[in-house]
Amino acid sequence: MNTARPPAFDLRALPDGFLEDPYPWYRRLREQSPLLQLPDGSWFVTRYADCERIYKDPKTFSSDKTEEFRPKFGSSPLYVHHTTSLVFNDPPLHTRVRRLIVGALTARAISDMEPGLVRLVDGLLDGMQARGTADLIDDFASAIPIEVIGNLLGVPREERGPLREWSLAILGALEPRLTQAQLDRGNRAVEEFTVYLESLVRRRRAAPGDPERDVLTRLIAGESGGERLSETELLQNCIFLLNAGHETTTNLIGNSLVLFSVWPEEKARLIEQPDLIRSAVEECLRFESSNQIGNRRALTDASVGGVPLPAGALITLCIGAANRDPAQFPDPERFDITRSPNRHLAFGSGTHLCAGHALARLEGRIAIGRFLARFPRFRLEGPPVRAGRVRFRGFRSVRCVLD
């Protein structure tokens, strides 16, 4: 490790300009102090090899947040939600819930979704074309995953209005630093979403859907001959499904289209060679990862990158930094839609690899590919407005002119 004095850095007191462009900071941390102890005593990890090692050792590094989130959330609806959802749990709950979800997201099931997804995207593009201008977030990127997850859970279309705001409020509470207003908003969202889901579950119990396609029906029924989820586990993991499927996919689509406006030669290459869409989506995921950070807790004394970590150490894995590590990605600051190999960590790794990664990739390929085919000369109308969050990197608004 570099023995130079580590750079001053605090996730709870970010330097000016960080939210707009965190990558110079990530680069400096990776070079000078790849395992940095933050002022609150936790550890910030920025190298690819170290992040991957932690992801792939769940026996040493736990995803369970029952201890970590108690000081932050107290005995609140946010605490109940975030300590019950799939992503912040270890086996056996993680295993049970993941198996049920993955069972409805088979390769065949995802392939069967493609025609409907094409119709959805084309309908959104038709509306945007008629207006001539659009907000790439409100009018396009956020509308796609809401429909997809709404369909997976069988949420009636006329009842989907509040879903996005609930999701933004709940996930916003995962930021390192929060105001009381943000906490209040997040708790209110969990309460309102839970009340709605109680009604939806009652209706689904009375009229089950196809368990091969309807995730809610699968979660209600549980495994054949196996243990069913408790009511709390059921409701909170339905909330998790919406949140996970909405925010990251919205950011993938929005970030990608902004990237292509910044790198016009790559946009031209993809338009000329549309069969590059798969590798293009992977590069978008690497270069501007929708989810920038993850968290683990050391269950035992451990060593990462030559640095001893005590049992109980709280660890932040910086996905955004790892995905630009030159030890893993040659010329990492170059946006290259033909990059191969491209083993990025945008969906995590190991047992917690995102259960919906194949669906998110499909949404990205169809949305980005069909948008560029329809509007190859689109241009941004003023600077995009960042969402202003550390964990989830995306935009609040991206106005553009369509040609």
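Scroll up a little and you will see the structure.
No experiment lies behind these values; they were computed from the predicted model shown.

What follows is about the overall build of the protein. The helix and strand tally for the protein stands at 16 helices and twelve strands. When the backbone C-alpha atoms are referred to their principal axes, the protein occupies close to 55 × 55 × 40 Å. Residues classed as buried in the protein amount to 55% of the 403 residues present. In the protein, the proportion of contacts linking residues at least 24 apart, taken out of those at least 6 apart, comes to 72%. Surface accessibility of the protein: about 16,900 Å² in total, with carbon and sulfur atoms responsible for 52%.

In a pair of packed helices, the angle between the axes and the distance between the axes together describe the arrangement. Where helix H9 (residues 163–172) contacts helix H10 (residues 180–206), the axes come no closer than 8 Å and their chain directions differ by 135°. As summarised for this structure, H9 and H10 are arranged oblique, according to the angle between their axes. Here H9 runs over H10; the crossing is left-handed. Contact residues: H9 offers Leu163, Glu165, Trp166, Leu168, Ala169 and Ile170, while H10 offers Arg185, Gly186, Ala189, Val190, Glu192, Phe193 and Tyr196. When its residues are assigned to classes, the contact of H9 with H10 shows nine nonpolar, one polar and three charged.

Spatially, three strands are ordered E4-E12-E9 in an open sheet, and the strand pairing comes out antiparallel. Looking along the sheet, the strands with just one partner apiece sit at the ends: strand E4 (133–135) and strand E9 (379–380). Bridge count between E4 and strand E12 (residues 399–401): three bridges; the pairing is antiparallel. Following the sheet pairing, Asp135 is matched in E12 by Arg399.

Tallied over the entire structure, the rule returns four cavities of 30 Å³ or more. Put simply, the largest cavity is a space of about 840 Å³. Contributions of two or more residues to the lining of the largest cavity are made by helix H4 (77–82), helix H5 (93–103), helix H8 (143–153), helix H12 (231–262), strand E5 (293–298) and helix H16 (357–374). Ranked by the residues each element gives to the lining of the largest cavity, the list is headed by H12, at nine residues.

A few words now on the environment of Ala104. Mapped onto the elements of the fold, Ala104 is located in the loop between H5 and helix H6 (107–131). Residue Ala104 is classed as buried on the basis of its relative accessible area of 1%. Taking C-alpha positions, Ala104 is 41 Å from Gly382, a pair spaced 278 residues apart along the chain.

Parameters at a glance
Residues numbered from 1 in each chain as written. Predicted model: local features only at pLDDT ≥ 70, side-chain atom pairs only at ≥ 80, totals over all residues. Heavy atoms only, no water. Helix = DSSP H or I, 4+ residues; strand = E, 2+ residues; numbered from the N terminus. Buried < 20%, exposed > 50% of the residue type's maximum accessible area, 1.4 Å probe, protein only. Contact = heavy atoms within 4.5 Å. Areas by Shrake-Rupley, 256 points an atom, 1.4 Å probe, with all protein chains shown as cover. Axes fitted to C-alpha atoms, helices over the stretch in contact; angles between N-to-C directions. Parallel < 35°, antiparallel > 145°, perpendicular 65-115°, else oblique. Left-handed = near helix turned anticlockwise from the far one by under 90°. Nonpolar A, V, L, I, M, F, W, Y, C, P; charged D, E, K, R; others polar. Pairing = 2+ DSSP bridges. 1 Å grid on protein atoms, 1.4 Å probe; cavity = no way out; pocket = protein on both sides within 12 Å on 5 of 7 lines; lining within 4 Å. Points joined across faces, edges and corners; volume = space filled by probe spheres on them.

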